[in-house]
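Observations on the three-dimensional arrangement
Below, each chain spelled out in residue letters.
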Amino acid sequence: MKDIVYLNGEFMPLEDARIPVLDRGFIFGDGVYEVVPVYSRHPFRLAEHLRRLQHSLDGIRLLNPLSDDEWTKLIHDIVARNSGDDQAVYWQVTRGAAKRAHEFPLSVKPTVFMMSNAMTTPPREQVENGVPCITMSDFRWLKCDIKSVSLLGNCLAKQLAVDADALEVVMFRDGYLTEASASNVFVVRDGVLLTPPKNHLVLPGITYDVVIELAEANGIPFEAREVHETELRAAQEVWVTSSTKEVLAVTSLDGRAVGDGKPGPVFRRMHALYQQFKQTVMRRAA
Ligand SMILES: Cc1ncc(COP(=O)(O)O)c(C=O)c1O
């Protein structure tokens, strides 16, 4: 079965999708995107993804070209046209094609592109043994709450991780934890789950919210506050979270063991709670 994508009102095979070279997404990275995980053909937390899309569009002063109902229908359509019950739907809105000039063009139609790929959850080995990460200072811009397609900073960061055989790179700005190249970060210190608050320095992760809700509903002590690098380095547990990674324990940082070098008890509890929660939500949607 061919990959079917959506581009500006039409469904087509991926290889037939074309955009003009003057599209501002191509020229300036002037656009925003979303990725929603789909389990058993049901999008997970779609309302929250649509709310974050609106936040990103507002952040770059671009009108939302579709209503939430239209987005929802489109996502269900693309899922139906592609194979596999578990998919990751990616879509982006750019400011459209116009003569190259930094200022926003007047009355240009935004470009809307959507595709879906097979969704792979982390292999058992990563869940059971944890993953290695490295650290670096966060050199990205100061609007990281916008899910912008301008991901060069994140790509450079991720490549450093790949070069070091690590899964992710945990970043610090002025000595405080921000996030990782494509994940949010949590730490456990003396039984308390900590993560930086949502602000302009981090992407407001959908999984971040799920983890916090699960912690609160299950009596895991939790605080959203600034986390100093020294606290993170001395933490018993460090986790990364994202829609595709779900929750993974970081068991080494820059080659040094985190805690005893194995996924900790709070992680194991949260991982089980997350799987249970996913199943309950999906059963309700079915
Ligand atoms: C920079 C960054 N932070 C955090 C996340 C996690 O967000 P979510 O849980 O919505 O996938 C992502 C996801 O791609 C990301 O790119």
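Residues numbered from 1 in each chain as written. Predicted model: local features only at pLDDT ≥ 70, side-chain atom pairs only at ≥ 80, totals over all residues. Heavy atoms only, no water.

1. Details of empty space enclosed by the protein
- A full pass over the atoms with the stated rule returns one cavity of 30 Å³ or more.
- Volume-wise, the largest cavity comes out at about 40 Å³.
- For the largest cavity, the full set of lining residues is Gln236, Glu237, Val238, Ala249, Val250, Thr251, Val258, Lys262, Pro263, Gly264 and Phe267.
- With three residues, strand β14 (residues 246-253) is the single largest residue contributor to the lining of the largest cavity.
- Residue composition of the lining of the largest cavity, grouped by class: six nonpolar, three polar and two charged. (1 Å grid on protein atoms, 1.4 Å probe; cavity = no way out; pocket = protein on both sides within 12 Å on 5 of 7 lines; lining within 4 Å. Points joined across faces, edges and corners; volume = space filled by probe spheres on them. Helix = DSSP H or I, 4+ residues; strand = E, 2+ residues; numbered from the N terminus. Nonpolar A, V, L, I, M, F, W, Y, C, P; charged D, E, K, R; others polar.)

2. Remarks on the sheet that holds strand β2 (residues 10-13)
- Spatially, six strands are ordered β2-β1-β6-β5-β3-β4 in an open sheet, and the strand pairing comes out antiparallel. Each edge of the sheet is formed by a strand with only one pairing partner; in this case those strands are β2 and β4 (42-43).
- Here strand β3 (residues 31-39) pairs with β4 via two bridges, running antiparallel. Looking at the pairing, tyrosine 39 lines up with histidine 42 of β4. (Pairing = 2+ DSSP bridges.)

3. Observations regarding the packing of helix α2 (residues 46-59) against helix α3 (residues 68-81)
- α3 packs onto α2 with a crossing angle of 125 degrees between their chain directions and a minimal axis gap of 11 Å. Taken together, the axis directions place α2 and α3 in an arrangement best described as oblique. Between α2 and α3 lies a crossing whose hand is right-handed. In this structure, α2 uses Leu46, Leu50 and Leu53 to contact α3, whose residues at the interface are Asp68, Trp71, Thr72 and Ile75.
- Residues belonging to the contact of α2 with α3 are distributed by class as follows: five nonpolar, one polar and one charged. (Axes fitted to C-alpha atoms, helices over the stretch in contact; angles between N-to-C directions. Parallel < 35°, antiparallel > 145°, perpendicular 65-115°, else oblique. Left-handed = near helix turned anticlockwise from the far one by under 90°. Contact = heavy atoms within 4.5 Å.)

4. A closer look at the layout of surface pockets
- In this structure, the second largest pocket spans a volume of roughly 220 Å³.
- Residue lining of the second largest pocket: 13 residues in total, with Pro122, Arg124, Val127, His271 and Gln275 positioned closest to the centre.
- Those elements that place two or more of their residues in the lining of the second largest pocket are α4 (124-129) and α8 (265-285).
- Per-element tally for the lining of the second largest pocket: the top contributor is α8, with five residues.
- Broken down by class, the residue content of the lining of the second largest pocket amounts to five nonpolar, three polar and five charged.

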